Amino acid sequence: MTRHFLKDTDLSPAEQAEVLQLAAEMKQFPYRYQPFAGDGAGRKTVAVIFDKTSTRTRVSFASGISDLGGVPLIINPGESQLGHKETVSDTIKVMERMVSTVVWRTYAHSGLEEMAAISKVPVINSLSDDYHPCQLLADLLTVQEHKGKLAGLTMAYLGDAANNMANSYLLAGVTAGMHVRIGGPEGYLPADSVVAEAEARAAETGGSVQITTEPAQALAGADVIATDTWVSMGQEDEKAQRLELFKDYAVDQGALKLAAGDAIVLHCLPAYRGYEISADVIDGPQSVVWDEAENRLHAQKALMAWLMDKSALAPLATA
């Protein structure tokens, strides 16, 4: 059975822990696993499709595929027929005969679901409008490195709480057994369906979910503070409105004072200093943002190798 990774709960709690353990190993031994080495076990090429521009996703996947013995085939916006001259289903029927894995950074999550429903090779969501699960694997790896554990920690996310990052913080955090608090203004909170799914997963792991419009409630004693840009791609016309709307949810020195004294700060980048996060916080001693950015590489390598192994396309054999 081919395994895919479209949203955070596609991994069970045990599987998430397994991928994170593999990521830590790959960080220490970058070239130990070579699932894309083309030694007869599988194809070398991995298609990485971009409908949105990218820095960290592009660099981390391209570098990671190379580290795993593969060749990244980068398809930039407008360079394929996907979505305008050809259906998603027709596209994947061709691609699955030529590549070992498809990574797609796109808009509507439904396209990823359509692709994965028939694909014989793993499909990975490298970002959609609804979820950013690869980022959360990197975030959890970072928290684990700095805190020594995940289960039982409290993680607070502030800002636009109706976006893909808030959704993934909820689902991935409770999968790891964390207590996840999401703080944002009324009308910009997670959908009820996402909250319900997070609560169901939390019941399995001992984690918990709290949704609030009060930033102080979200921050009180938190071990981890996370935020994201207030103005995502396609929202530029709403910038002035959004800056005013989210101003009370900024991660600044005042926010740090409400959290635990040893709290660490996450931001998936790109960051806009002075808006969602202050310069003295993102560049300060409690920020682990640069470790977080690097860990995209290690977490995604582990995910790709794990999916190939579980899909029986290339076993986790050492080089």
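Located above this text is the structure these notes cover.
In this text, all values refer to a predicted model and were calculated from it rather than measured experimentally.

Parameters at a glance
- Residues numbered from 1 in each chain as written.
- Predicted model: local features only at pLDDT ≥ 70, side-chain atom pairs only at ≥ 80, totals over all residues.
- Heavy atoms only, no water.
- Helix = DSSP H or I, 4+ residues; strand = E, 2+ residues; numbered from the N terminus.
- Rg over C-alpha atoms; globule rule 2.2 N^0.38 Å.
- Buried < 20%, exposed > 50% of the residue type's maximum accessible area, 1.4 Å probe, protein only.
- Contact = heavy atoms within 4.5 Å.
- Areas by Shrake-Rupley, 256 points an atom, 1.4 Å probe, with all protein chains shown as cover.
- Lys, Arg positive; Asp, Glu negative; His and termini not counted.
- Charge placed at Lys NZ, Arg CZ, Asp CG, Glu CD.
- Pairing = 2+ DSSP bridges.

**Q** Looking at this model, I keep getting lost on the overall build of the protein. Mind explaining?
**A** Per the secondary structure count, the protein includes twelve helices and nine strands. In terms of C-alpha radius of gyration, the protein reaches 19 Å, essentially the compact-globule figure of 20 Å for 319 residues. Principal-axis analysis of the C-alpha atoms places the extent of the protein at approximately 55 × 40 × 35 Å. Expressed as a percentage of the 319 residues in the protein, the buried residues total 55%. Long-range pairs, those at least 24 residues apart, make up 75% of the contacts in the protein with a sequence separation of at least 6. Working note: accessible area of the protein is about 12,700 Å², and carbon and sulfur atoms make up 51% of it. Here the protein carries 26 positive and 41 negative side-chain charges, and the mean point of each set is 6 Å from the other.

**Q** Explanation requested: the pairing of strand 8 (residues 224-227) in the structure shown.
**A** If a strand is regular, its side chains alternate between the two faces of the sheet. Here strand 8 shows no split at all, with Val 224 and Ala 226 on one side and Ile 225 and Thr 227 on the other all buried. Strand direction decides the pairing type here: strand 5 (residues 154-158) and strand 8, joined by four bridges, are parallel. Opposite Met 155, over in strand 8, you have Val 224 as the bridge partner.

Interpretation note: all reported values are geometric properties and have no functional meaning in isolation.
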